[in-house]
Amino acid sequence: MNAHRHSATARNLAVVLVAGVALAACATPQPRLAGKLPDATTGKAPSGAGGRYKVGSPYQVAGVWYVPHEDPHYNATGTASWYGDDFHMKPTANGETFDMNAVSAAHPTLPLPSMVEVTNLDNGKTLQVRVNDRGPFVGGRVIDLSHEAARQLGYDRKGLANVRVKYVGPATLGGPDTGLRYASNAAPAPAYASASYIPPAYSAPLPAYTPPAPVSVAAASLPPITGAAIASIQIPPVSSAAPVYASAPAVVRASAYRVQAGAFSDRSNAQRVADQLSTAGQAIIEPVQRPDGVTLYRVVLQGGADEGEAWGLRDKVASYGFAEARVLRPF
C-alpha cells in the first residue's frame, strides 16, 4: 500500500514537473530560432539615373593630389567614414543623385560608377556598394559610405570603421529616366464612364418644358442717309507702302552647358574664386535669390554645347580645389 502511494505521488510530481517545463518553454524566448532570422536590409543600390561613366583628370583638394585611374586589382585597408544629410538629393561626381538611404559610396580615385566589396574588419560584416561619387578627403580615409551602407555594416553610430575595400567591377549605367516617377495630370474619369454605373432613379417625372412667350419688337423707322452725310465722313487715303508688323520678343535660351564652381553668400568671396579660375575658363558671377530672400553669388564657367567637354571642364575646376563643382544642363 505504501509502495502504491509512493508510486502515485511520483507520477503526480512528474506530471507537475512536465507541465512546469512546458510553461517555461512557452514563456522563454528561443535565441537559436531568433538567430536564424536575416538582418533587416531596407536600403538598395541606387538606380544610376542620370549618371555617366568617367575616370576623370587628376585633381587637388586641400593640397593633396588625387589621380583617378582604372585599377581592377584594387584591394586596400583603412578607415571608412559615412556621409548623409548634407549631401542628400544632391548630384554626385558622375551626374547621379546621392540618396543617403541607398547603398552607395564615394572613393577618391576609382572609376565611376564601380562596384566594390567593403568588409568591416571590426565585426566581419561585408557589403557590396556602388561607388558613384568622389571622396573622402579627410585624414587619409579610403572610402566614404552612405548612411544606409554604414548602418548595414554596423558602424553608423560610431562614425568610423576599419575596413577592407576590394574592387569588384564596373557598375551598370542607368538611363536618364531610370527610377524616376512622374505625376500624372490626367483628370479622373467621371463616375458615369464606369461600366458599373447605374443612373439614379427619380421619384417624380420631370415637368414638361414650356417655351417662353415670343417678344414682339416694334418696327422703328430710320431716317434715310443722304449724300451730304456720306460726304462729311473723312476717309483716310490708302497707302501703297508695305504694312509694318511688330516683331515678337526674342526668347533667350541657354544652349550651352555650364559648370558651377560654387555659390557664396559674400560677393567678394565669389569674386576671389572667379579670379582663381580665370585660367580654367571664362568665369562669371550670377546673383541668385533664394525663396527666403537671401542672395547667393554663384561662380559659373561656360562649358560649350558638348556635354563631354562640359564634364571635362568640371573635372578641371575640381582640380583647382572645388570638388563640389557641378555641370548645369541647358534649359
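Before any of the text, the structure's been laid out above.
An account of the accompanying structure is given in this report. The structure presented is a predicted model; accordingly, all values stated were derived computationally and were not measured.

**Remarks on the packing of aromatic side chains**
This model, assessed by the stated rule, comprises five aromatic pairs. With a centroid separation of 5.4 Å and 25 degrees between ring planes, the pair formed by Tyr59 and Tyr66 is classed as stacked. For Tyr66, a relative accessible area of 15% translates into the label buried. Relative to Phe98, the ring of Tyr83 has its centre 4.3 Å away and its plane inclined at 10 degrees; by these criteria the two rings are stacked. Here Tyr83 is found in strand E3 (residues 75-83), whereas its partner Phe98 is found in the loop between E3 and strand E4 (104-106), with 15 residues between them in sequence. Since its relative accessible area comes to 9%, Tyr83 is described here as buried. Overall, the relative accessible area of 1% leaves Phe98 in the buried class. An aromatic cluster of at least three residues, connected via ring pairs, comprises Tyr59, Tyr66 and Phe137.

**What about the sheet that holds strand E8 (residues 161-170)?**
What the six strands build is a closed barrel, ordered E3-E7-E4-E6-E5-E8; its pairing is mixed. Averaged over all adjacent pairs, the angle separating strand axes in this sheet is 45 degrees, with direction ignored. Sheet analysis places E4 next to strand E6 (residues 126-133), joined by three bridges and oriented parallel. Counted as the bridge partner of Ala106 is Asp133 from E6.

**Things to note about the sheet that holds strand E9 (residues 257-264)**
Reading across from one edge, E10-E11-E9-E12 is the order of the four strands in this open sheet, with antiparallel pairing throughout. Each end of this open sheet is capped by a strand with a single partner; those strands are strand E10 (283-289) and strand E12 (326-328). Between one strand axis and the next, the sheet turns by 40 degrees as a mean value, whatever way the strands run. In this structure, E9 lies alongside strand E11 (residues 295-304), joined through seven bridges in antiparallel fashion. Note that in E11 the partner of Tyr257 across the bridge is Gly304. Along the sheet, helix H6 (residues 307-319) makes contact with E9, E11 and E12, crossing E9 at roughly 30 degrees.

**A few points about the nonpolar core**
Val116, Val118, Val129, Ile143, Leu145, Val163 and Val165 are the most contacted members of the largest nonpolar core, which has 24 residues in total. Among the secondary structure elements, those contributing two or more residues to this core are E3, strand E5 (114-120), E6, strand E7 (143-146), helix H3 (147-152) and E8. With four residues, E8 is the single largest residue contributor to this core. Ile143 has contacts with Thr79, Ala80, Ser81, Ala105, Ala106, Val116, Val118, Pro136, Val163 and Val165, leaving out every residue within four places of it along the chain.

**A few points about the pairing of E6**
Along E6, six of the eight residues are buried, which leaves the element largely enclosed by surrounding structure. Counting the residues in the hairpin turn of E5 and E6 gives five residues, including Gly124, whose phi is positive at 85 degrees.

Calculation rules
- Residue positions are given per chain, counted from 1 along the sequence in the order it is written.
- Only residues with pLDDT of at least 70 get local features here, since the model is predicted, and only at 80 or more are side-chain atom pairs given and counted; chain-wide, interface and lining totals rely on the full set of residues.
- Only hydrogens and water are removed before side-chain values are computed, so all heavy atoms of the structure are retained for them.
- Aromatic rings from Phe, Tyr and Trp, taking only the six-membered ring of Trp, are treated as a pair when their centres fall within 6.5 Å; an angle between ring planes under 30 degrees marks them as stacked, one over 60 as edge-to-face, and anything in between as tilted.
- In this scheme, a residue with accessible area under 20% of its type's maximum is buried, one over 50% is exposed, and one in between is partly exposed, where area comes from a 1.4 Å probe on protein chains only.
- Working definition: helices are DSSP H or I runs of at least four residues, strands are E runs of at least two. Numbering for both runs from the N terminus.
- The rule for pairing is simple: two strands pair if DSSP sees at least two bridges between them.
- Every axis in this analysis is a line fitted to C-alpha atoms, fitted for helices over the stretch in contact. Angles between the N-to-C directions lie between 0 and 180 degrees.
- Every residue pair with non-hydrogen atoms within 4.5 Å of one another is taken to be in contact.
- As used in this record, nonpolar core signifies buried Ala, Val, Leu, Ile, Met, Phe, Trp, Tyr and Cys residues forming a set joined through side-chain atoms within 4.5 Å.

Worth remembering: the numbers are spatial, not functional.
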